[in-house]
Amino acid sequence: MGKEISMELRKGTKIIFGVTSVIVLMFIYIPLMVVALNSFNGDASLTWPIRSVTLEWWIRAFQSQGALQAVLTSLEVAAVATVCALVLGTLCALALQRYEFFGKSAVSLLVVLPIALPGIVTGIALNNAFTTMIGIRLSMFTLIVAHVTFCIVTVYNNAFARLGQLGEHAEEASSDLGAGVWTTFRLVTFPRIKSALFAGGLLAFALSFDEIVVTTFTAGQDITTLPIWIMNNMFRPHQAPIVAVVAVVMVLISLIPLWISQRISAADES
């Protein structure tokens, strides 16, 4: 009797979790599907149901100089921020995984804190730091620095976890054979963590590319990234269909590195 009740409870739990998962996924992805459909809506006011289909908005979006410039700016910021995050995140992971020193726990907390804090808090703090404490003008430089602060976390987490799995035996053997620190890293450590770094870099790129909250507080007035361009044009007359097209492109650009990163992680686990 007890086994039957336990089986019924398990079955009921599976059904509840299944229904809940479907509802959550629908809540997330149905709006994205609506945006994608709106990019082909023949009516500029995006009325529903869709009465006609057109590619006009896609053509106009790829002819929009403002949108194209915003894409290039976002790609530039994301690329530079990712490179910086790869270097700094790897160094942080090596220091915190391989060495013991005073304040290690505090440093580890400070490294991961930017991704845990609300974006608006991080944005305001960085804005005050740049404009009030340091006294520098908001620019592309301040924007990249702001993006690096939270992009480091994805690289750091991946590298730290991989270094923990590998252990120190190979590095110690390399040192015993006379290799220096740089040689050991180049020939022993890096080949074993490069897939984790690549996956972390892809996640950092995706995170930077579609970031808007921190960007709003740290970018100069003459800098327009793609998320800011979308926000500025969303409610302008006859711009909604073009914004829908740009949003679809933005989602695709963000999904590609995430998908590649997931495949790399899955391949490493297997």
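Above: the structure in question.
Predicted model only: the values in this text are computed from it and were never measured.

Draft legend 1. Highlighting the packing of aromatic side chains. Under the criterion given, the structure shown has four aromatic pairs. Joined through ring pairs, the aromatic side chains of F40, W58 and F62 make up one cluster.

Draft legend 2. Focus on a nonpolar patch on the surface. On the surface, V24, L25, F27, I28, Y29, L32, V251, L255 and L258 cluster together to form a nonpolar patch covering roughly 840 Å² of accessible area. Secondary structure elements with two or more residues in the nonpolar patch: helix 1 (2-38) and helix 11 (240-269). Per element, the largest residue contribution to the nonpolar patch is six residues, and it comes from helix 1. Residue position: L258 is located in helix 11.

Draft legend 3. Representation of the packing of helix 3 (residues 65-98) against helix 10 (residues 226-233). Interaxial distance between helix 3 and helix 10 falls to 7 Å at its minimum, and their mutual angle equals 150°. Residue-level contacts link G66, A67, A70, V71 and S74 of helix 3 to L226, P227 and W229 of helix 10.

Procedures and definitions
Residues numbered from 1 in each chain as written. Predicted model: local features only at pLDDT ≥ 70, side-chain atom pairs only at ≥ 80, totals over all residues. Heavy atoms only, no water. Phe/Tyr/Trp six-rings, centres within 6.5 Å; stacked < 30°, edge-to-face > 60°. Patch = residues over 30% accessible without salt bridge, like charges linked within 9 Å, V, L, I, M, F, W, Y side chains within 5 Å. Areas by Shrake-Rupley, 256 points an atom, 1.4 Å probe, with all protein chains shown as cover. Salt bridge = Lys/Arg side-chain N within 4 Å of Asp/Glu carboxyl O. Helix = DSSP H or I, 4+ residues; strand = E, 2+ residues; numbered from the N terminus. Axes fitted to C-alpha atoms, helices over the stretch in contact; angles between N-to-C directions. Contact = heavy atoms within 4.5 Å.

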